Amino acid sequence: MGRLAAPLRESLRAVPEFSTRMLQRVVGQMLQSPASGYRATALPGRVLGTSPWQIPADANFHSASLSETDRPRVLITGGLGQLGVGLASLLRKRFGKDNVILSDIRKPSDQVFHSGPFIYSDILDYKNLREIVVNHRITWLIHYSALLSAVGEANVSLAKAVNITGLHNVPGRCLGTQLAIVCAQHDRSFRTYFPGTQPLISAFRDPGRSTGSPRSTPSSWEKYAWLGKMTHYYYYRYGLDFRCLRYPGIISADSQPGGGTTDYAVQIFHDAVKNGKFECYLKPSTRLPMMYIDDCLRATLEVMEAPAESLSIRTYNINAMSFCPEELAQEVLKHMPGFQITYNVDSVRQAIADSWPMNFDDSNARKDWGWKHDFDLPELVTTMLSFHGPRSRVAQAN
Ligand SMILES: NC(=O)c1ccc[n+]([C@@H]2O[C@H](COP(=O)([O-])OP(=O)(O)OC[C@H]3O[C@@H](n4cnc5c(N)ncnc54)[C@H](O)[C@@H]3O)[C@@H](O)[C@H]2O)c1
Ligand SMILES: C[C@@H](O)[C@H](N)C(=O)O
């Protein structure tokens, strides 16, 4: 593994379960995979710092203040889901409409199609992805394509392809760009720096979890650690400015969630306003970290714009609040005294929720780049009900 692997090996030794054999396999796969399209000898080496955990002193990927010519050219993959359209709108306001390209494998609505550039892009078609990056001079890539937890559980082989293989191959196609990978919650034992992702929840689900036993097995640990190390590997080996956020469950008023475990916290508002009642598929006491979409999108822009020297790690948790269904229902009741919630537990989604952390420690994001959420539970409920309430009443009156 020679010169290339030595600093990486040092960093990985700090992680007890990340064995030498596994390191050899990871590095070997990355360098030899035909899918990656890159070989170590063909690439200019990057000066590696003495501590792989430290940002290199010469890192200067992106400046916080942007001139006209410095505006990034952004590609959002999987952009027609719950988050992509809102993010495109935010980024277009900041960088100009034509500098932000939405992409997906689905057909956009007329409104989305006419609001700015949209192209078809399948994350599994690596050649096409590379062409887009080259032809459109992409400098930021926001990797949103994924199968969310419940959908992924229902189709594990597709989840593996999109969430694992897709993620693994994206960095190799994007050298020269700043890359944002958005991750999701993971099992309770890895709360801080090592990312677990949506992909891994589905593709590497521990069968033991369905009987209620904990998921923190060494094998699942290694897979989580592997992905975390991949971000460091691409950063230190190739200088790819890889920035990763782990989102909690995101709650949005004007976009629908894509089939996750936290979707109940969106659906409750639709049903409360429409029917005055809601049947919840999670147990009343299932506590999960959550965030309003405006905070989530702003955090994504903020981490992408953060000066490189302020980032002490490549993967940050962000968080805003943590609640369970019965607490959310109590807050809705304050606005709608007749509201009723009942429970009909879905064992698959309950098992997923039970394997996730109840809260995220996002102190690193707060310390390094000043992350601060705006929406707590009361503001969230007021905002969601005011969005759905008047609209719904108008719709019913018509
Ligand atoms: N929404 C949340 O609560 C939440 C929370 C944590 C993390 N995340 C992560 O944020 C990202 C975006 O989430 P979202 O809620 O918008 O997801 P979503 O499920 O709503 O949208 C995902 C999009 O990916 C697209 N897609 C699927 N296969 C594809 C392929 N092969 N090529 C290109 N696109 C493909 C789908 O068509 C869909 O539009 C995902 O990585 C997700 O794991 C979301
Ligand atoms: C939390 C996030 O991963 C997504 N909303 C899900 O529930 O699957």
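Residues numbered from 1 in each chain as written. Chains lettered and ligands numbered in written order. Predicted model: local features only at pLDDT ≥ 70, side-chain atom pairs only at ≥ 80, totals over all residues.

A separate point is the overall build of the protein chain. Within the protein chain one finds 15 helices and 12 strands. Among the 398 residues that make up the protein chain, the fraction classed as buried is 43%. In the protein chain, the proportion of contacts linking residues at least 24 apart, taken out of those at least 6 apart, comes to 79%. (Helix = DSSP H or I, 4+ residues; strand = E, 2+ residues; numbered from the N terminus. Buried ≥ 20, exposed ≤ 12 C-beta atoms within 10 Å, placed from the backbone. Contact = placed C-beta atoms within 7 Å.)

Moving on to the pairing of strand 2 (residues 100-104). It is a general feature of regular strands that their side chains alternate between the two faces of the sheet. Most of strand 2 sits inside the fold, with five of its five residues counted as buried. Residue alternation in strand 2 divides its side chains into two sets, Val 100, Leu 102 and Asp 104 and Ile 101 and Ser 103, and both sets are buried. Here strand 1 (residues 74-77) runs beside strand 2; their pairing, made up of three bridges, is parallel. Each residue of the ladder has a partner; that of Leu 75, found in strand 2, is Ile 101. Each parallel crossover has a hand, and the one from strand 1 via helix 3 (residues 84-95) to strand 2 is right-handed. (Pairing = 2+ DSSP bridges. Right-handed = clockwise from strand over helix to strand, strands pointing away.)

It is worth spelling out helix 3 at this point. Each full turn of the α-helix corresponds to 3.6 residues, which orients residues three or four apart in the same direction. A rise of 1.5 Å per residue sets the reference length of helix 3, with its 12 residues, at 16 Å; its end C-alpha atoms lie 16 Å apart and thus fit the reference within 8%. Along helix 3, the residues classified as buried are Gly 84, Val 85, Gly 86, Leu 87, Ala 88 and Leu 91. Check the buried side of helix 3 and you find it contacts strand 1, strand 2, helix 4 (110-115), strand 4 (140-143) and helix 11 (293-305). Downstream of helix 3 by a residue or two, Gly 96 has a phi angle that is positive, lying close to 100°. (Expected span 1.5 Å × (residues − 1).)

One can read the domain layout of the protein chain as domain 1 (8-35 + 59-249 + 294-317) and domain 2 (251-291 + 320-358 + 376-397). Taken together, the 22 residues of domain 1 in the interface contact 23 residues of domain 2. Only helix 3, helix 6 (149-154) and helix 11 provide two or more residues apiece to the side of domain 1 that touches domain 2. Examining the composition of the side of domain 1 that touches domain 2, we find that four residues originate from one element, helix 6, more than from any other. (Domains from an automatic or database assignment.)

Moving on, we come to unusual backbone geometry. In most cases, non-glycine residues show a negative phi, while peptide bonds are predominantly trans. Here Arg 137, not a glycine, exhibits a phi torsion of approximately 50°, which is positive. When you line up the elements, Arg 137 lands in the loop between helix 5 (126-135) and strand 4.

The subject of this paragraph is the sheet that holds strand 9 (residues 288-292). The mixed open sheet is built from three strands, whose spatial order is 7-9-11. Looking at the sheet topology across the chains shown, the edges are occupied by strand 7 (249-251) and strand 11 (321-323). For this sheet the average axis-to-axis angle between neighbouring strands, irrespective of direction, equals 45°. Both strand 9 and strand 11 contribute to a ladder of three bridges, which runs antiparallel. Its bridge partner lying in strand 11, Leu 288 is registered against Phe 323. (Axes fitted to C-alpha atoms, helices over the stretch in contact; angles between N-to-C directions.)

Take the confidence of the model for the protein chain next. Of all residues in the protein chain, 68% have pLDDT values of 70 or greater, and the mean over the chain is 74. Note on residues 1-64: pLDDT is under 50 here. Beyond four places in sequence and across chains, it has 73 contacts. (pLDDT = per-residue confidence, 0-100.)

As a further point, take the pairing of strand 1. Of the two faces of strand 1, the one lined by Val 74 and Ile 76 and the one lined by Leu 75 and Thr 77 are each fully buried. Bridge count between strand 1 and strand 4: four bridges; the pairing is parallel. Note on strand 4: the bridge partner recorded for Ile 76 is Ile 142.

Turning our eyes to something else, we now look at the packing of helix 10 (residues 264-275) against helix 12 (residues 325-335). Relative to each other, helix 10 and helix 12 sit at 30°, their axes nearing to 11 Å. If you check the angle between helix 10 and helix 12, you find them roughly parallel. Here helix 10 and helix 12 pass one another in a crossing that is right-handed. Contact residues: Tyr 264, Ala 265, Ile 268 and Ala 272 in helix 10; Pro 325, Leu 328 and Val 332 in helix 12. Tallied by class, the residues present in the contact of helix 10 with helix 12 amount to seven nonpolar, no polar and no charged. (Parallel < 35°, antiparallel > 145°, perpendicular 65-115°, else oblique. Left-handed = near helix turned anticlockwise from the far one by under 90°. Nonpolar A, V, L, I, M, F, W, Y, C, P; charged D, E, K, R; others polar.)

Moving on, we get to helix 7 (residues 156-173). The first and last C-alpha atoms of helix 7 sit 25 Å apart over 18 residues, in line with the 26 Å expected at 1.5 Å per residue. When helix 7 is considered as a whole, its buried residues turn out to be Ala 159, Val 162, Asn 163, Gly 166, Leu 167, Val 170, Pro 171 and Arg 173.

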